[in-house]
Amino acid sequence: MGVIATSKYILEMLKIRKRYEVNDVLALNDAEIRVKQGTIHALVGENGAGKTTLMKILCGIEKKDAGEIWLNGDKVDIRNPRHSFSLGIGMVHQHFRLIDDFTVAENVVLGVEITRKFGFISLRDVILAVKRLSKDSGLMIEPSLKVRELSMGQRQKVEILKLLYRGADIIVLDEPTSVLTEQEITDLFNAVRRLKAQGKTIIFISHKLKEVMEISDEITVLRKGKTVQTGKTEELNEKEIAYAMVGEEIPLEIKTSKGLSMPKRAILHVRDLHVKDRRGLVEEVRGISFDVKAGEILGIAGVAGNGQKELVEALFGIRKASSGSVFIDGKDVTSSSIRVHRENGMAYIPDDRIGEGSCPTSSIVENIIADRYYKPVLSNRSWIDISAARRMAGTLVKEYDVRTSSIYSTIGMLSGGNIQKIIIAREFSSNPKVLIICEPTWGLDIRSTKFVYDRLMEMKINRKAILLISSNLDEILDLSDRILVIYEGEIVADFNNTAVLTKAVIGEYMMGLHLKTLRREKSTTL
Amino acid sequence: MISNFIHTTLVMTTPILLAALGGMFTDLSGMLNIGLEGMMLASAFTSIFVANATSSLLIGILAGLCLSTTLAAIMAYFSLSLRANVFVVGLATNLFANGLTVFLGVSLCKSKGTLLFLNAPKLSNIQIPFVKDIPFLGKILSGYNALDYSAIILTIICYLVIFHTPYGYHLRAVGKDPRTAISVGISVYKHRFLAFVLSGLFAGLGGVALSLPLKIFVGGMTNGRGWIALVAVVLGQGNPFGVFIASLIFGASSAFSNMLQALTDISPKLLLTIPFVITLIAMTVYAIRSKKTYE
C-alpha cells in the first residue's frame, strides 16, 4: 500500500543471462519476463529451458551474470534469499523445505519468530497467528499438526503460508502440481485464485499446458534460456504455446542408421505394466505394453514426470510393478532382482549419472567392475583379481575415450561427459541384449553428445534392443525407429519414425492435447 | 543410608550431566562433538592448578572454562571451516588433552601420580537453612556444592532455551534439516560453531566439578565420564530432562559401585565396571526400542 507503481508491471526481469561454470551451460540467454500486479503469470518451457534458474535469480539463490530486475518501478540488485524475502518475494520449491518434526505453526514462523518477555516464544501466540493466517488466506490447516503427518498437498499449503507470514507479495510456485493428486490440484488452484483476489501476484512455473491454460492470466514461454513468446492466455492457443516450447531447430548432424537394419525378433516384451508411486497411492504407469526388437531403437517421448522414471525402474527391477509383466528374450523377469535382470542381458543407463549411474566417491576401476566383480573374469569366488580389473578399466577408458589422468581418479572429479562415458563403457561392455538408456545426452556438450550417439548406433548395428527415454525431442526423432509418446502414465501415440513426422505433431501429443481422441481409439499409427 | 545413596548419586551425576548438556547442543546442531572427555580433562587440570596458584576459585574455574572452550572452538574451526572429519577431530582432542595434562602435571608439579593442591580454596558444600533440618529430605536436598546446584539449574535453563526461544528453534532446525534452515535465512555454520563453543563451556564445567571439590588431579581422572556423557546425550534424545535422567542413571550406578566397594568383598575392579555395564544395557534397550518405533 502507499506505493504507487510507476510502471504497470510489479516485476520486470530484463535480458537476464546466466552461465553455469561447472558444466559451461548457458542456462539463461536474454530471458525476459514482465509480470503485472495481481495476476497469475505462467512461466512455461521444457525441462532445462531455464524456468527454475530464472526464478532462483529472482529469489537470490543464484546470481545473474547480466541483466536487470525492476520491482515496482525500481531497479533492484537482489543479493541473497533474505534480501529477496524483504522485497516481498517468496518461492515454493519443487522439493519442500519443511522440517518434518516441527509442527505446521513452528515451520511457518521459523526464522521470523515473534518473542515476548525475556526472548521466549509463546507457542500459543504462534498457533493463534498461524490459525488466523490460515483462515484469512483460505489455506485451511491445523497449525498444531506435525509436518510428518501431512500429505503433499497439505505440506504445500504450509509452504505458501510460510511465504504469506513473511509478507510476500510475489509468490513463485515451482512445478506445484507435480507431487499432487487430482483433488489436491483442484484445491491448490482455488487457493491460488483466492490469493490473486487478495491482490497477490503469482508466478506459476509449469510444463503442463492444460494446467497453464486453466489457471493463468498471462504466459511467458522460455526455450533454451530465451523468452520466445509472451502474452495474454486468452489470446494464445495451446498449439502455439506447445510449438513455442519445443521449437523447430536445425538438427545436430548425426550419422544415424534409421531403418538400416531390419528388426524382426522382439527381445523385450512389456505387457500391461502398472506401477504405483512410492506411497502406493497414485498409479504412475497405467497399463503400458510394447515390444522392442533386436536392432531397433524404440524412443519414448514425453514431458518429464509423466511416468517415464517409474516405467524404467519397474522394467529394470528397481521398483516393483503392481501388475503386468516384463520378458527378456522370452524369460519372465517381472519383480526379479536387479541382478537377475542384468544376468538375463539387460543394461541400464539412468538419467541420474551421479546418484544412480555411478558412485562419485569411488574410483573409475571400482565403478567399472561394479556390475561384474563377482564374475569369473574378475574373481575366483572369494578374491577379486585386481590386476584383471585394472586391465579391464584401462582398456575401456581408452576405448571409450575417457579423459582422465588416472583410472584411480574418483568419478566425482570428472566432468559430466566423462562420467557418462564411463557409465556407457560399463553398460555397453556387459554385452546386453536389451539396453535401457535415459536422457543420454542431458547436459553434455556437442562433442560428447556425438560420441554417445555414435556408440548407440554401434549397439543398434550389433542388434541390441534399445529403449531410449528422453525429453529431448530432437534426440528422439534423430535416433529412434519407432516412437511412443507417454502422457500421464499411458502411451497416447505410437509412430513409425518417417520423414513426415514432425516435432510439432509429437509435441501436441506430449502436452496431452489429443488425449481424449486417443483414449477412445486406443492407438494411432501414422 | 538411602538418603546417603541418593546424595552420592546426585554428586556423581553432576560432571556427567554438565558434559552431556554440552554434548546435547552439538547433537541438536547435527554434528555431535565426541571430544567431551578431552575437554573435561583439560579443564579439570587447569581449573584446580590455577585455583591453587591464585587462591581464587573463580579465576580457577574461568581458566578451566577458557581452555576447554578454546579447544572446542579449535575443533569447530577444523571440522566446520576446514571440513575435517568431526570424529577424527574429537578423538584427536581426547588424546591431546590426555597427553597435555600428564605433561603439564610433570613439568609444573614434578609429579606423575596424584597431584594434591592443598592451597586451593575449598569449594564448600552449601547447607540450605531449615531445609537441611528436615529429616531424610534434608540430606537429599541440601549440602551440595555450587556446581551440583548449578547443574540442575542449567538443565532447566537449557530446556527453556531449546524449546522456548528462537535460538532453540533455529538450532534444532539446523540439526534436522540444514537445507530448510538455510532457505529461511538461518546460518548453519554459525549455529554449529556456537553449539561447539557451548559444549566446551559445559564440558569444562563438568571437568571443574571433578577436580575442584576434591582438590586433586590424577591423570585420566575423567575415567570415561565424557564417553558416558555421550551415551546420555543419545539416550536423552535432544531433551535436557531426558539427558538429566540418563545422567542420573549413570550417576546412580557409580554411587552403587562405590557403595558396594565399601560394604562387600567383591573385587573393586569388577565393581568399577558397573557404570559401563549399565551403559551397555542402556544402549541395547534404547536400540531395541527405537527399532520398534521405527517399524
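Here the residue index of a chain counts from 1 through its sequence in written order. Following the order in which they are written, the chains are lettered starting with A and the ligands numbered starting with 1. Local features in a predicted model are, by the rule used here, given only for residues with pLDDT of at least 70; side-chain atom pairs are given and counted only at 80 or more, and totals for whole chains, interfaces and linings are based on all residues.

**Q** Looking at this model, I keep getting lost on the overall build of chain B. Mind explaining?
**A** Check the secondary structure of chain B and you find 13 helices and 4 strands. With the radius of gyration taken over C-alpha atoms, the globule rule is written as 2.2 Å times the number of residues to the power 0.38. In terms of overall size, chain B behaves like a compact globule, its C-alpha atoms giving a radius of gyration of 19 Å where 295 residues would be expected to give roughly 19 Å. When the backbone C-alpha atoms are referred to their principal axes, chain B occupies close to 55 × 45 × 40 Å. Neighbour counting defines burial: a residue surrounded by 20 or more other C-beta atoms within 10 Å of its own C-beta is buried, one with 12 or fewer is exposed, and intermediate counts give partly exposed, using backbone-placed C-beta atoms. The buried share of chain B, reckoned over its 295 residues, is 46%. In this description, a residue-residue contact is defined by the distance between C-beta atoms placed from the backbone, which must lie within 7 Å. For chain B, contacts bridging at least 24 residues in sequence account for 73% of all contacts bridging at least 6. Put simply, DSSP marks the helices as runs of H or I at least four residues long and the strands as runs of E at least two long, and each gets a number from the N terminus on.

**Q** Explanation requested: helix α14 (residues 416-429) of chain A in the structure shown.
**A** Because each turn of an α-helix spans 3.6 residues, side chains separated by three or four positions end up pointing in the same direction. Residue and element names in this part refer to chain A. Over its 14 residues, α14 extends 20 Å from the first C-alpha to the last, a length consistent with the 20 Å expected when each residue adds 1.5 Å. Judged by how many residues are buried, α14 sits mostly within the fold: 12 of 14 residues are covered. Within the sequence span of α14, burial applies to Gly417, Asn418, Ile419, Gln420, Lys421, Ile422, Ile423, Ile424, Ala425, Arg426, Glu427 and Phe428. One less than the residue count of a helix, multiplied by 1.5 Å, gives the span that helix is expected to have.

**Q** I would appreciate a short explanation of the interface of chain B and chain A in the present structure.
**A** It is common to report an interface's size as the accessible area lost on association of the parts. The partner chain A presents 15 residues to the 13 residues of chain B that form the contact. Elements with a minimum of two residues in the side of chain B that touches chain A: α7 (166-176) and α8 (178-183) of chain B. The biggest single contributor to the side of chain B that touches chain A is α7 of chain B, with 4 residues.

**Q** I tried to follow the sheet that holds strand β17 (residues 434-438) of chain A on my own but got confused; where do I start?
**A** Each strand in a sheet pairs with its neighbour through backbone hydrogen bonds, running either in the same direction (parallel) or in the opposite one (antiparallel). All names here are of chain A. Strand order in the open sheet formed by 6 strands is β16-β17-β18-β13-β19-β20, and the pairing between neighbours is mixed. The sheet is open, and its two borders are formed by β16 (346-349) and β20 (490-496), each paired with just one other strand. For this sheet, the mean inter-axis angle between neighbouring strands, taken without regard to orientation, is 20°. Paired strands, in this sense, are two strands between which DSSP finds at least two bridges. For β16 and β17, the ladder comprises 4 bridges, and the chain directions are parallel. Pairing of Ile349 across the sheet is with Ile437, part of β17. Interaxial angles span 0 to 180 degrees and are taken between N-to-C directions of axes, which are lines fitted to C-alpha atoms, for helices over the stretch in contact.

**Q** Before we go on, may I ask you to explain the packing of helix α1 (residues 2-28) of chain B against helix α11 (residues 240-263) of chain B in this structure?
**A** In a pair of packed helices, the angle between the axes and the distance between the axes together describe the arrangement. All names here are of chain B. One way to put it is that α1 packs onto α11 with a least axis distance of 7 Å and a crossing angle of 135°. Between α1 and α11, the crossing angle belongs to the class labelled oblique. Once α1 is placed against α11, the crossing between them reads as right-handed. Between α1 and α11, the residues in contact are Phe5, Thr8, Thr9, Leu10, Met12, Thr13, Ile16, Leu17, Ala20, Leu21 and Met24 and Pro240, Val243, Phe244, Ser247, Leu248, Phe250, Gly251, Ala252, Ser254, Ala255, Asn258 and Met259, respectively. The residue classification treats Ala, Val, Leu, Ile, Met, Phe, Trp, Tyr, Cys and Pro as nonpolar and Asp, Glu, Lys and Arg as charged. All others, Gly included, are polar. Of the residues contributing to the contact of α1 with α11, the split by class is 16 nonpolar, 7 polar and no charged. Throughout this description, any angle smaller than 35 degrees is read as roughly parallel, any larger than 145 degrees as roughly antiparallel, any in the 65 to 115 degree range as roughly perpendicular, and the remainder as oblique. Each helix crossing is assigned a hand: it is left-handed if the near helix lies turned anticlockwise from the far helix by less than a right angle, otherwise right-handed if that turn is clockwise.

**Q** I would appreciate a short explanation of helix α13 (residues 386-399) of chain A in the present structure.
**A** Residues and elements named next belong to chain A. A rise of 1.5 Å per residue sets the reference length of α13, with its 14 residues, at 20 Å; its end C-alpha atoms lie 20 Å apart and thus fit the reference within 8%. All buried positions along α13 are accounted for by Ala389, Met392, Ala393, Leu396 and Val397. Relative to the axis of α13, the buried residues are bounded by an arc of 130° and lie together on one face. For α13, the exposed residues lying more than 90 degrees away from the buried face are Ser387 and Lys398. Looking at the buried residues of α13, the elements they touch are α12 (364-368) and α14. Asp401 sits one or two residues past α13 and shows a positive phi near 55°. Throughout, the arc means that of the directions going from the helix axis to the C-beta atoms.

**Q** When you look at the sheet that holds strand β7 (residues 170-174) of chain A in this model, what are you seeing that I'm missing?
**A** Residue and element names in this part refer to chain A. The 6 strands lie next to each other as β6-β7-β8-β3-β9-β10, forming an open sheet whose pairing is mixed. The two strands at the open ends of the sheet, each matched to only one other strand, are β6 (89-92) and β10 (226-232). Ignoring which end each strand starts from, the neighbouring axes of this sheet average 20° apart. Across 5 bridges, β7 lies against strand β8 (residues 201-206) in parallel orientation. Bridge pairing links Val172 to Ile203 in β8.

**Q** Help me understand the confidence of the model for chain A, please; the structure alone is not making it clear to me.
**A** Low-confidence regions, as indicated by low pLDDT, have predicted coordinates that should not be scrutinised in detail. Residues and elements named next belong to chain A. pLDDT expresses, on a scale from 0 to 100, how confident the predictor is about each individual residue. Considering every residue of chain A, the mean pLDDT works out to 86; 91% of them sit at 70 or more. Below a pLDDT of 50 lies the segment residues 1-6, which in the model reaches 6 contacts outside its immediate sequence neighbourhood of four places, other chains included. Segment residues 516-526: pLDDT under 50, and 11 contacts once partners within four positions in sequence are set aside and those in other chains are kept.

**Q** Just checking my understanding: could you explain the pairing of strand β9 (residues 218-223) of chain A for this structure?
**A** Strand residues, when the strand is regular, have side chains that alternate between the two faces of the sheet. Residues and elements named next belong to chain A. The buried fraction of β9 amounts to 6 of the 6 residues, a majority that puts the element mostly inside the structure. Side chains Glu218, Thr220 and Leu222 project from β9 onto one buried face, and the interleaved Ile219, Val221 and Arg223 project onto a second face that is buried too. In this sheet, β9 lies alongside strand β3 (residues 40-44) in parallel orientation, the contact comprising 4 bridges. Looking across to β9, one finds that His41 is bridged to Glu218. Where β9 and β10 come together, 6 bridges link them in antiparallel fashion. Among the inter-strand pairings, Leu222 is bridged to a residue of β10, identified as Thr227.

**Q** Could you clarify how one ought to interpret unusual backbone geometry in this entry?
**A** Note on backbone geometry: most residues besides glycine have negative phi, and most peptide bonds are trans. Phi at Ser335 of chain A is positive, roughly 60°, even though this residue is not glycine. Along the polypeptide, Ser335 of chain A turns up in the loop between β15 (331-332) and α10 (338-343). The backbone of Phe136 of chain B sits at a positive phi, close to 65°, despite the residue not being glycine. As for its position among the elements, Phe136 of chain B is in the loop between β2 (125-126) and α5 (137-141).

**Q** So what exactly am I meant to see when it comes to the environment of Pro240 of chain B here?
**A** Residue and element names in this part refer to chain B. Among the secondary structure elements, Pro240 is positioned in helix α11. Judged by C-beta crowding, with 23 C-beta atoms within 10 Å, Pro240 ranks as buried. Setting aside residues up to four positions removed in sequence, Pro240 forms contacts with Leu21, Met24, Thr155, Cys158, Tyr159 and Ile162.

**Q** It is not clear to me how the domain arrangement of chain A should be interpreted in this structure. Could you clarify?
**A** All names here are of chain A. You can read the domains of chain A as domain 1 (9-246), domain 2 (250-345 + 432-526) and domain 3 (358-431). Taking the mean C-alpha position of each, domain 1 and domain 2 sit 33 Å from one another. Between domain 1 and domain 2, the residue contacts involve 14 residues of the former and 14 residues of the latter. Going through the elements one at a time, α7 (209-215) and α8 (238-246) are the ones with two or more residues in the side of domain 1 that touches domain 2. Here the side of domain 1 that touches domain 2 takes 5 residues from α8, the largest share from any one element. In terms of residue class, the side of domain 1 that touches domain 2 is built from 5 nonpolar, 5 polar and 4 charged. These domain limits were set by an automatic method or by a database of domain assignments.

**Q** Any chance you could explain the confidence of the model for chain B here in plain terms?
**A** The predicted model of chain B averages 92 in pLDDT, with 99% of residues at 70 or higher. The ipTM assigned to the predicted complex is 0.84, against a pTM of 0.73.

**Q** Help me out: how do you make sense of the pairing of strand β12 (residues 283-293) of chain A in this one?
**A** Residue and element names in this part refer to chain A. Relative to β12, strand β11 (residues 266-276) runs antiparallel, the two being bridged by 8 bridges. From the neighbouring strand, Val275 faces β12, where its bridge partner is Val285. Taking the residues between adjacent antiparallel strands as the criterion, β11 and β12 are bridged by 6 residues, where Gly280 takes a positive phi near 75°.

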